[in-house]
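Next come the chains, spelled out residue by residue.
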Amino acid sequence: MNRRSILRQTLLGAFSAAALYATDAAAQDVYKIGLISPMSGANARYGAFANKGANLAAKEINAGGGVMGRKIEFVSGDSQCVPAEGVSATKRMISFDKLPIIIGDICSSVTLAMQPLAEEAGVLLVNAASSNPMITYKAGVGGFKWTFRNYPTDEGRAAIVLEHAVKNRNLKNFAVLSVDSDYGRGAITFTKKYLPRYAEAKILSEDYYKEAETDFRPVLSKIRNSGAQAIIMYGQADTTPIVARQMLEMGLAGKIVLVGNGEFNTAKTIAAAPTVMNGSIEAAAWLPEWTTARSQKFVEEYKKAYGGEMPNNHAYTHWETTHLIAAAIRAAGSLQGEDVRGALSKLKYDSAMGTVTFDDHNQAVLPMVLLEVADGKPVIKSAIAVKVDYPK
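Predicted, not measured: the structure shown is a model, and the values here were computed from it.

(A) Main features of the overall build of the protein chain. Looking only at helices and strands, one finds 14 helices and 15 strands in the protein chain. Against the globule reference of 21 Å for 392 residues, the protein chain gives a C-alpha radius of gyration of 24 Å, in line with a compact fold. Taking the principal axes of the C-alpha coordinates as reference, the protein chain spans close to 95 × 45 × 40 Å. Across the 392 residues that make up the protein chain, the buried fraction comes to 55%.

(B) Local environment of the pattern of salt bridges. Under the counting rule described, the total for this entry stands at 17 salt bridges. Three or more residues joined by partner-sharing salt bridges are found here, namely Arg 45, Asp 238 and Glu 263.

(C) Examining the pairing of strand E2 (residues 71–78) more closely. As paired strands, strand E1 (residues 30–37) and E2 are joined by eight bridges and run parallel to one another. Along E2, the bridge assignment pairs Ser 37 with Asp 78. Regarding the hand of the β-α-β motif, the stretch spanning E1, helix H2 (residues 44–63) and E2 is right-handed.

(D) Examining the packing of aromatic side chains more closely. In total, this model carries 11 aromatic pairs according to the counting rule given. Taking the centre distance of 4.9 Å and the plane angle of 15° together, the rings of Trp 286 and Tyr 316 count as stacked. Remark: Tyr 316 occurs in helix H13 (residues 313–332) and Trp 286 occurs in the loop between strand E10 (281–284) and helix H12 (293–305); sequence separation between them is 30 residues. What makes Trp 286 buried here is its relative accessible area of 2%. In this structure Tyr 316 comes out as buried when scored by relative accessible area, which is 5%. Pairing Tyr 302 with Tyr 306 gives two aromatic rings, centres 4.7 Å apart and planes at 55°, and the pair type is tilted. Judged by relative accessible area, Tyr 306 falls into the partly exposed class, the value being 25%. The rings of Trp 286, Phe 298, Tyr 302, Tyr 306, Tyr 316 and Trp 319 are connected pair by pair, giving a single aromatic cluster. Lying over the aromatic face of Tyr 306, Lys 52 brings its terminal NZ or CZ to 5.6 Å of the ring centre. Arg 341 extends its terminal NZ or CZ atom over the ring of Trp 146, reaching a point 4.4 Å from the ring centre.

(E) Examining the sheet that holds strand E5 (residues 147–149) more closely. Read from one edge of the open sheet, five strands run E2-E1-E3-E4-E5, paired in parallel fashion. Edge positions in the open sheet fall to E2 and E5, since each of these has one partner strand only. Pairwise comparison of adjacent strand axes, ignoring direction, gives a mean angle of 25° for this sheet. Its contacts with the sheet place helix H4 (residues 108–121) against E1, strand E3 (101–103), strand E4 (124–127) and E5, and it is angled at close to 160° to E4. Each of E1, E2, E3 and E4 is contacted by H13, which is oriented at about 160° to E3, the strand it contacts most.

(F) Up close: the nonpolar core. Within the largest apolar cluster, 55 residues are counted, with the highest numbers of intra-cluster contacts made by Phe 174, Ile 231, Met 247 and Val 259. Examining the composition of this core, we find that seven residues originate from one element, helix H6 (residues 154–168), more than from any other. When residues no more than four places from it in sequence are discounted, the contact partners of Val 259 are Val 161, Leu 171, Phe 174, Ala 230, Ile 231, Ile 232, Met 233, Phe 264 and Ile 281. Membership of the second largest hydrophobic core comes to 31 residues, among which are Ile 61, Ile 103, Phe 148 and Tyr 349.

(G) Structural detail: the state of the cysteines. A complete count under the given rule lists one disulfide for this structure. Each sulfur of the disulfide joining Cys 81 and Cys 107 lies 1.8 Å from the other. Across the S-S bond of Cys 81 and Cys 107 the torsion is about -115°, and the bridge reads as left-handed. Of this pair, Cys 81 sits in the loop between E2 and helix H3 (83–95) while Cys 107 sits in the loop between E3 and H4, and the two are 26 residues apart along the sequence.

Rules used in this analysis
- Throughout, a residue's number is its position along its own chain's written sequence, starting from 1.
- The model is predicted, so local features are restricted to residues of pLDDT at least 70 and side-chain atom pairs to those at 80 or more, both for listing and for counting; the totals for chains, interfaces and linings are taken over all residues.
- With hydrogens and water excluded, all non-hydrogen atoms of the structure serve as input to the side-chain values.
- Numbering of helices and strands runs from the N terminus; a helix is a DSSP stretch of H or I covering at least four residues, while a strand is a stretch of E covering at least two.
- Our radius of gyration is a C-alpha quantity, and the globule rule it is checked against amounts to 2.2 Å times the number of residues to the power 0.38.
- Think of it in three bands: with a 1.4 Å probe and only protein chains considered, a residue is buried below 20% of the maximum accessible area for its type, exposed above 50%, and partly exposed in between.
- When a carboxyl oxygen of Asp or Glu lies within 4 Å of a side-chain nitrogen of Lys or Arg, that pair is called a salt bridge.
- DSSP-based pairing: two strands are paired if at least 2 bridges between them are found.
- We call a crossover right-handed when, viewed with both strands directed away from the observer, the connection leading from the first strand over the helix to the second proceeds clockwise.
- Any pair of Phe, Tyr and Trp rings, taking the six-membered ring for Trp, is counted once the centres come within 6.5 Å. Such a pair is stacked with planes under 30 degrees apart, edge-to-face with planes over 60 apart, and tilted for the rest.
- Two limits define a charge over a ring: the Lys NZ or Arg CZ must be within 6 Å of the ring centre, and within 35 degrees of the ring normal.
- Lines fitted to the C-alpha atoms define the axes, with helices restricted to the stretch that makes contact. Angles between their N-to-C directions range from 0 to 180 degrees.
- Any two residues having at least one pair of non-hydrogen atoms within 4.5 Å are treated as being in contact.
- Working definition of a nonpolar core: buried Ala, Val, Leu, Ile, Met, Phe, Trp, Tyr and Cys residues. They are joined through side-chain atoms within 4.5 Å.
- The disulfide definition used here is simple: a pair of cysteine sulfur atoms within 2.5 Å.

What follows is the structure, encoded as structure tokens:
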């Protein structure tokens, strides 16, 4: 080998070593967190909001110095809102990416499937959007010590909506039209749990729709003939405007109101049929009209970051949950999952919705917003914190 070849090899080796060192140094400057959400399929819209909210929070945290000197970076996984896909993404993040913390999922059935994997691996699973009460029935003292949820449950939502509808709006006769999913059916199960509290309240009919369904006229005709005063609907945001327009076509505006949750409060939904949406009742984890300074600052920064797009509930909860995790890391003084878990259980965190603490099932105790639509705009009636009534 001549001198020139030896010099070339020496330089290549030096460049390779320098590149490897730079890569290792860069990796040490990053703290990776998993984020599993539906990024494709019928619920991709929700996953897009979740990722935008979380990444905005990471940008804000990193601008302030990150956590323990490291910048937060998300590793994303697509659950498609299918348990098997969520399990696959979780296994990859645990075994391949070696992540200490995972945020996920939006869909309750996926989160329930993720819980035993996180527990077995000792990986902190922080939920920011699933509402099935079973998630925290099984968490904390319920068994899964590595699962925390920073989101209200369907049980609390159902109790709040039903009480307001019966006591404050004098609605007694209900029809059910909810999405045929764990979420839609679960919310109705809990509505029925609290229905006996109100002697005159009753459900006259019960129907569920498929996610891709678009023609609701037959079931709306049945509801109209039943004498129902209100439709209890827990469903998809994209479906609510379709139902509202078809109610308008059938002359049901002002005669039957919607109660439950399906993004009744958004400008898009209200614009679809304002006279139908007026009077609708909804309980939400958050909404853009919430007036605290932190909430309004989030809306402003989100719109600035994403071309004027208005954030939805999932954008907010993933933004806030990312900040919550960062606060727990700082409180722990550690990046280790077990230390962060211990800090999270004792944390008092000031969110846009109020102070967040966790109960012994690792469920966040935080208020929900009760609202009605009036004159084409969402009007906040109250914020109510509901404590979960755990099975004995």
